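# Close look at the chain arrangement
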Amino acid sequence: MNRLTKDAEQLWSLVIRGRAGFRCELYGIDHIRCSFVIEAMHIVTRGVRNIKYDQRNGRSGCTAHHKFYSHQRELWAALCMRLWPEDWEYLIQRKWHISKPRPIREVIGELLPLAERYRVHYLPHQIQALEKILERNRCVERPSP
Ligand SMILES: [Zn+2]
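This paragraph deals with the packing of helix α1 (residues 3–19) against helix α5 (residues 104–117). For the pair α1 and α5, interaxial distance at closest approach is 9 Å and the crossing angle is 35°. Remark: the crossing between α1 and α5 carries left-handed chirality. On α5, the residues touching L4, T5, D7, A8, L11, W12, L14, V15 and G18 of α1 are I104, R105, V107, I108, L111, L112, L114 and A115. Partitioned by chemical class, the residues of the contact of α1 with α5 number 13 nonpolar, 2 polar and 2 charged.

So, on to the pairing of strand β1 (residues 38–42). For β1, the buried fraction is high: 4 of the 5 residues fall into the buried class. Two elements, β1 and strand β2 (residues 58–62), share 5 bridges in a ladder whose sense is antiparallel. Counted as the bridge partner of A40 is S60 from β2.

Let us now look at the environment of R56. Tracing the sequence through the fold places R56 in the loop between β1 and β2. The class for R56 is partly exposed, based on 16 C-beta atoms found within 10 Å. Distance from R56 to P113, taken between C-alpha atoms, is 16 Å for residues 57 residues apart in sequence.

Below, the discussion takes up the nonpolar core. With 16 residues, the main nonpolar core has A8, L11, W12, V15, I108, L111 and A115 as its most contacted residues. Secondary structure elements with two or more residues in this core: α1, β1, α5 and α6 (124–136). Broken down by element, this core gets its largest block of residues, 6 residues, from α1. For W12, the contacting residues outside a window of four places in its chain are A40, Y53, G58 and L111.

Cut-offs and rules
Residues numbered from 1 in each chain as written. Predicted model: local features only at pLDDT ≥ 70, side-chain atom pairs only at ≥ 80, totals over all residues. Axes fitted to C-alpha atoms, helices over the stretch in contact; angles between N-to-C directions. Helix = DSSP H or I, 4+ residues; strand = E, 2+ residues; numbered from the N terminus. Left-handed = near helix turned anticlockwise from the far one by under 90°. Contact = placed C-beta atoms within 7 Å. Nonpolar A, V, L, I, M, F, W, Y, C, P; charged D, E, K, R; others polar. Buried ≥ 20, exposed ≤ 12 C-beta atoms within 10 Å, placed from the backbone. Pairing = 2+ DSSP bridges. Core = buried A, V, L, I, M, F, W, Y, C linked by C-beta atoms within 7 Å.

Below you can see the structure in the form of structure tokens.
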């Protein structure tokens, strides 16, 4: 995997988890006991490339929930539909509407300011990773506020 893709994936994950304050967004929703190790989960599989880095396509969840639902695609779809109907609608429309994935630099430019916004939630190693990504992508164009 190339550097830019890695940066985009890491930023997306920071944004998704940071937005939720690094909590499992599925806590208490079912019989699964949260592990409290937090990952970013795709609502619609990352294989659908045009929405792979979409903020609306991610939720913060613990490894226990992530693992369980990654083997239960139908349950996962039903759960997402119930919990986040607007995001689900939005994503499904884009899933079937074939479009080219956005250029990776554009994705990074959009995710960087968001990742910075949630900085207060990051651990030291995550801040360090963010700093490195910032350094590498100094010249990337950001959307105007
Ligand atoms: Zn959980």
